[in-house]
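Residues per chain, in single letters:
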Amino acid sequence: MASVATPVPIRRRRRRQPKLQRRQTRLGWLLLLPALAAVGFVAVYPLGKTIYQSFTNQEFLAGLTPTKSVGFRNYSDLLHDTLFRNAVWETVKFTLITVAFEFVLGLIIALVVNSSFKGRGVMRAVMLVPWAIPTVVAAQMWKWMLDDVFGVVNDFGTRTHVLSHSHAWISDPSTALASVCAVDIWKTTPFVALLLLAGLQVIPKDLYEAADVDGASKLQQFWKITLPLLRPAILVTLIFRTLDALRVFDVFYVFFGQRTDTQTMAIYDQSTIVGDGHVGDGAAISVAIFLIIFLFVIIYVTVMRVGEE
Amino acid sequence: MKHRALVVLTALAAALALVVSLSVASAGTRHGTAAQSRAATTAPPVPNAKAIKAKYGGQTITFVGDSVGGGHTRDLALATRFTKDTGITVNVTPHPAASDASYSQLVRAFSAKSSSIDVAMIDVVWPGAFAPYLVNLKPKLGAQAKIHSKGIIQNDTVGGKLVAMPWFGDFGMLYYRTDLLKKYGYTSPPKTWSQLFAQAKKIQDGEQKSNSNFYGFVFQGNAYEGLTCDSLEWIASSGGGDFIDNGKVTINNKKAAAILDQMREQIGKITPRGVTSYQETETHTAFIDGNAAFMRNWPYAYSLGEAADSKIKGKFSVAPLPHGSGGHSVATVGGWQLAVSKFSKHQGAAIEFVRYMTSKAVEKFDTITNSNVPTIPSLAKDPAVKKAAPYLKAATANVPRATRPAKFLKGHYNEGSKDIYQGINQILNGSPASSVLPGIQSKLQRLIGK
């Protein structure tokens, strides 16, 4: 691009291009139109409406109070809302714990199933089973397994003397978060492994052959070849998992219902809108969740870009 | 080749996952099938069926009905009979078992002006909030309303309009194991909460030697509407008021804090630690499997205890709930109504269905097969009803009622109740009452001040 230096060809190009380019631009926009309309309909419009509603006192059952604009009141209420603050903190803790574990375990599993051994195809399929079970079903299954009276976990633990007595993993606030994290890690690690495996498979094999010839150890190969070349896959995986974890609803809902000490942002939002019928307050919470998730994305992208340079 | 093998294996994994899902789903319905066999007692015929058929035959209505105990089986039996007699097809959809979730479902339907629900099951505390969305039943069902209890009709009348018809009543009771009380030397069920704790402890200590799953007392401790009902009984029976009294929020008082702290100390001692996540189903499952000495529950559980697959058939009875020192026993008023949505496209057919469902014959059928409390007082004298529902005897049925504060919270009832049950659940899970009650107090004050 920079090599086109003389003014004459530029002028010629400018004159010649408009017709062709205009036609192509028009065609381009025409082809984009359905996609843009779809994005506008499913993303821009709902988001815009949510932001608009967050400045009103709208109620689900209209008629209780007429809807009017309330300025920033929903947001200032939110700043003093201890339940919301607690929900944000619980969600962030859950996200950090699960994403960290899922990433490390997922990477190990991906490396294992990427190496060639007998029965690799079977292994790759079998590891997906937890991920293939619908979350609500898996959560209910674990809820029963962790039950303090009939749960198989306590039964096994006390029989083998790993546990001194039956423990109410879910009801006891001190182990509630840990148990829900464990279930999420069990369920989502296969998905992380799958994404990372896809990244591992595009790394050219000859790089490793060259490294072998140069006498690099397996560990050196991992740090110098695998990890740097896996960076794009890692970024996608982490963003995917973090966003997913930040908007978690199902496992918590099955495990804890409306309990406050283990409420996530999404559950608090749902209970405000659907349970209490406060659409305005709920919209403000939704916008706040949007901003928090946005913040995480910015952090990831910046960190990764800095790493690249 | 390799790819095809992978696809096949992935499909196998998915199939395995599906099997797991289905087996989990079916594990939860064990007691549902037991109820099925019991409801075999035939549903009563629809009176005046020919005229109804001529007018509305061929129409289809949707009924959002019961899901607790044998409720759904009963609904299906009655709907099938109604369809057979009148030619009106009734789609029966069970509502969420937690009544606050069921409230939310109706809020969504009404706010969307949805015609997808024709007949809905309405909790005794909802008529005020839903009145604008319900059909006035007075013109067509006014005469039938006269045979129902006056107090409930009053509750279901909002601004002169009869927005719902009483279907069955509910009140909290103490279920106890007669055989175990005798075995451990007790001649009567506990009168006070401290007596309950002591008896439960002694029986549990003895029974756990042979059954490690055995606990003294089970109740509804999950953070949901049921805990509002249970905790109202604890507090009101200890002289701590009804959450809101005479328009003033009273929940933050010493007597309430004392009984709540006592309850908290019993969690994990005479109850399973997990009782703070129990709803009705978990509670009655523990009791009818013979794993609890005492249970707080509604009358519906009586028929489950007497069912063929119950392990405690003939070994239990009911009594009024205990009370605190200086208080007297109370029972929280529950109960369900049937209402017709204003947005229904088949209101005529829907009203005929409600007429049938709230008739004397159907209420008798429901009481006998499902041990629900009839809302028609004259039924209590019926010998067949007396036999099937011994809890209708004066000792349990005439206990003073405690009412949830719906008339003060009005349209904010669901939110206020949530503040209550979330707070109480927090106490049961380990927080001292004195640190939680002031917060509930101020939230309720804001709601009734609005």
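Numbering of residues starts from 1 in every chain and runs along the sequence as written. Following the order in which they are written, the chains are lettered starting with A and the ligands numbered starting with 1. Per-residue local features of the predicted model are confined to residues with pLDDT of at least 70, and side-chain atom pairs are confined, for both listing and counting, to 80 or more; whole-chain, interface and lining totals are unaffected and use all residues.

## Things to note about the overall build of chain A
Definition in use: Where helices and strands are cited, they refer to DSSP runs of H or I of at least four residues and of E of at least two residues respectively, numbered from the N terminus. In this treatment the radius of gyration is a C-alpha quantity, and the globule benchmark scales as 2.2 Å times the residue count to the 0.38 power. With C-beta atoms placed from the backbone, a residue is buried if 20 or more other C-beta atoms are within 10 Å of its own, exposed if 12 or fewer are, and partly exposed between those counts. A residue pair is marked as a contact if its C-beta atoms, positioned from the backbone, fall within 7 Å.
Looking only at helices and strands, chain A has 13 helices and zero strands in total. Seen in sequence order, chain A has helices and strands lined up from the N terminus as α-α-α-α-α-α-α-α-α-α-α-α-α. Here chain A has a C-alpha radius of gyration of 26 Å; the compact-globule value for 309 residues is 19 Å, and the former is much larger. Within chain A, buried positions represent 33% of all 309 residues. Intrachain contacts of chain A at a sequence separation of at least 6 include 68% that bridge at least 24 residues.

## Some words on the overall build of chain B
Scanning chain B from terminus to terminus reveals 21 helices and 15 strands. Relative to a compact globule of 450 residues, whose C-alpha radius of gyration would be 22 Å, chain B shows 23 Å and is just as compact. Each principal axis of the C-alpha atoms in chain B carries an extent, and together these give about 75 × 65 × 50 Å. Residue burial in chain B is summarised as follows: out of 450 residues, 52% are buried. Here the analysis covers contacts within chain B between residues at least 6 apart in sequence; of these, 76% occur between residues at least 24 apart.

## A closer look at the sheet that holds strand S7 (residues 173-177) of chain B
Residues and elements named next belong to chain B. Going by this rule: DSSP-based pairing: two strands are paired if at least 2 bridges between them are found. Lines fitted to C-alpha atoms define the axes, with helix axes restricted to the stretch in contact, and inter-axis angles between N-to-C directions lie between 0 and 180 degrees.
Strand order in the open sheet formed by four strands is S8-S11-S7-S12, and the pairing between neighbours is mixed. At either margin of the open sheet sits one strand with a lone partner, and together these are strand S8 (215-218) and strand S12 (316-319). Pairwise comparison of adjacent strand axes, ignoring direction, gives a mean angle of 15° for this sheet. With four bridges connecting them, S7 and S12 associate as antiparallel partners. Following the sheet pairing, Tyr-175 is matched in S12 by Val-318. Along the sheet, helix H10 (residues 193-207) contacts S8 and strand S11 (292-297); its crossing angle with S8, the most-contacted strand, is approximately 140°. Sheet contacts for helix H13 (residues 280-288): S7, S8 and S11; angle to S11, the most-contacted strand, approximately 150°.

## Quick word on the confidence of the model for chain A
One rule of thumb: low pLDDT means the predicted coordinates there are not for detailed reading. What counts is decided by this rule: You can read pLDDT as the predictor saying how much it trusts each residue, on a scale of 0 to 100.
Averaged over every residue, the pLDDT of chain A is 88; residues scoring 70 or more account for 92%. Per-residue pLDDT, averaged within each element of chain A, yields its smallest value for helix H1 (residues 7-53) of chain A (83) and its largest for helix H3 (residues 82-114) of chain A (95).

## Comments concerning helix H4 (residues 71-86) of chain B
Residues and elements named next belong to chain B. Note the threshold: Each helix should span, by expectation, one fewer than its residue count multiplied by 1.5 Å.
The end-to-end C-alpha distance of H4 is 22 Å, a good match for the 22 Å that 16 residues give at a rise of 1.5 Å each. Those residues of H4 that fall on the buried side of the exposure criterion are Gly-71, His-72, Thr-73, Arg-74, Asp-75, Ala-77, Leu-78, Ala-79, Arg-81, Phe-82 and Thr-86. With its phi angle positive at about 75°, Gly-87 sits one or two positions after the end of H4.

## Observations concerning the pairing of S11 of chain B
Residues and elements named next belong to chain B. Within S11, six of the six residues are buried, which leaves the element mostly enclosed by the surrounding structure. Judged from the three bridges that link them, S8 and S11 form a sheet pairing that is parallel. By the bridge assignment for S11, Tyr-215 is matched with Ala-292.

## Let's talk about the pairing of strand S13 (residues 331-340) of chain B
Residues and elements named next belong to chain B. With 10 of 10 residues buried, S13 lies mostly within the body of the structure. The sheet contact formed by strand S3 (residues 119-123) and S13 spans five bridges and is antiparallel. Within S13, the residue paired with Met-121 across the bridge is Leu-338. Pairing between strand S6 (residues 165-171) and S13: six bridges, direction antiparallel. Within S13, the residue paired with Met-165 across the bridge is Leu-338.

## Here we look at the nonpolar core
Where we set the bar: Connectivity within a nonpolar core runs through C-beta atoms within 7 Å, and the core itself is a set of buried Ala, Val, Leu, Ile, Met, Phe, Trp, Tyr and Cys residues. Domains are outlined according to an automatic or database domain assignment.
In terms of nonpolar packing, the biggest core is built from 126 residues, with Tyr-175, Phe-217, Val-218, Phe-294, Phe-353 and Val-354 of chain B touching the most fellow members. Counting contributing residues, this core receives three or more from each of domain 1 (49-170 + 334-394) and domain 2 (173-332 + 401-449) of chain B. Setting aside its immediate chain neighbours within four residues, Val-354 of chain B contacts Val-119, Leu-137, Leu-141, Met-165, Leu-338 and Val-340 of chain B. Counting residues in hydrophobic clusters, the runner-up holds 51 residues, among them Trp-131, Ile-170, Val-183 and Ala-283 of chain A.

## A few points about the environment of Phe-243 of chain B
All names here are of chain B. Note on placement: Phe-243 falls in the loop between helix H11 (225-236) and strand S9 (244-245). Phe-243 gets classed as buried once you count the C-beta atoms within 10 Å, which come to 27. Sequence separation of Phe-243 and Gln-441 is 198 residues, and the distance between their C-alpha atoms is 8.6 Å. Leave out the neighbours within four places in its chain, and Phe-243 touches Leu-232, Thr-250, Ile-251, Pro-405 and Ile-420.

## As for the packing of H3 of chain A against helix H8 (residues 173-201) of chain A
All names here are of chain A. Condition: An angle below 35 degrees is treated as roughly parallel, one above 145 as roughly antiparallel, one from 65 to 115 as roughly perpendicular, and anything else as oblique. Working rule for handedness: look at the near helix, and if it is turned counterclockwise from the far one by less than a right angle, call the crossing left-handed; if clockwise, right-handed. Residues are grouped as follows: Ala, Val, Leu, Ile, Met, Phe, Trp, Tyr, Cys and Pro are nonpolar; Asp, Glu, Lys and Arg are charged; every other residue, Gly included, is polar.
Orientation of H3 relative to H8, taken along the N-to-C sense of each, is 45°, at an axis distance of 6 Å. Relative to H8, H3 is oriented oblique. Where H3 crosses over H8, the two elements pack in a sense that is right-handed. The residue makeup of the contact of H3 with H8, split by class, is 18 nonpolar, six polar and four charged.

## Overview of the environment of Ala-319 of chain B
All names here are of chain B. Along the chain, Ala-319 turns up in strand S12. Taking the C-alpha atoms as reference, Ala-319 lies 39 Å from Tyr-133; in sequence the two are 186 residues apart. Among residues more than four places away in sequence, those in contact with Ala-319 are Leu-174, Tyr-176, Pro-189 and Thr-396.

## A few points about unusual backbone geometry
One non-glycine residue, His-161 of chain A, lies in the positive phi region at around 65°. Topologically, His-161 of chain A is positioned in the loop between helix H7 (152-159) and H8. Classification of His-161 of chain A as exposed rests on a count of 7 C-beta atoms within 10 Å. Backbone geometry at Phe-243 of chain B places phi at a positive 75°, although glycine is not the residue there.

## Some thoughts on the domain arrangement of chain B
Residue and element names in this part refer to chain B. In terms of domain boundaries, chain B breaks down into domain 1 (49-170 + 334-394) and domain 2 (173-332 + 401-449). Each of domain 1 and domain 2 has a C-alpha centre, and these two points are 28 Å apart. If you look at the interface, domain 1 gives 19 residues, while domain 2 gives 24 residues. Contributions of two or more residues to the side of domain 1 that touches domain 2 are made by helix H5 (99-111), helix H6 (127-130) and helix H16 (360-370). Here the side of domain 1 that touches domain 2 takes three residues from H5, the largest share from any one element. Its residues assigned to classes, the side of domain 1 that touches domain 2 shows eight nonpolar, nine polar and two charged.

## Describing the environment of Met-304 of chain A
Residue and element names in this part refer to chain A. Among the structural elements, Met-304 can be located in helix H13 (residues 279-308). Of the residues examined, Met-304 has 15 C-beta atoms within 10 Å and is grouped as partly exposed. In sequence terms Met-304 and Ile-234 are 70 residues apart; their C-alpha atoms lie 9.7 Å from each other.

## Regarding H13 of chain B
Residues and elements named next belong to chain B. Here H13 has its buried residues at Glu-280, Thr-283, His-284, Ala-286, Phe-287 and Ile-288. Against the buried residues of H13 lie S7, S8, H11, S11 and helix H14 (300-305). Following H13 by one or two positions, Gly-290 has its phi on the positive side, about 80°.

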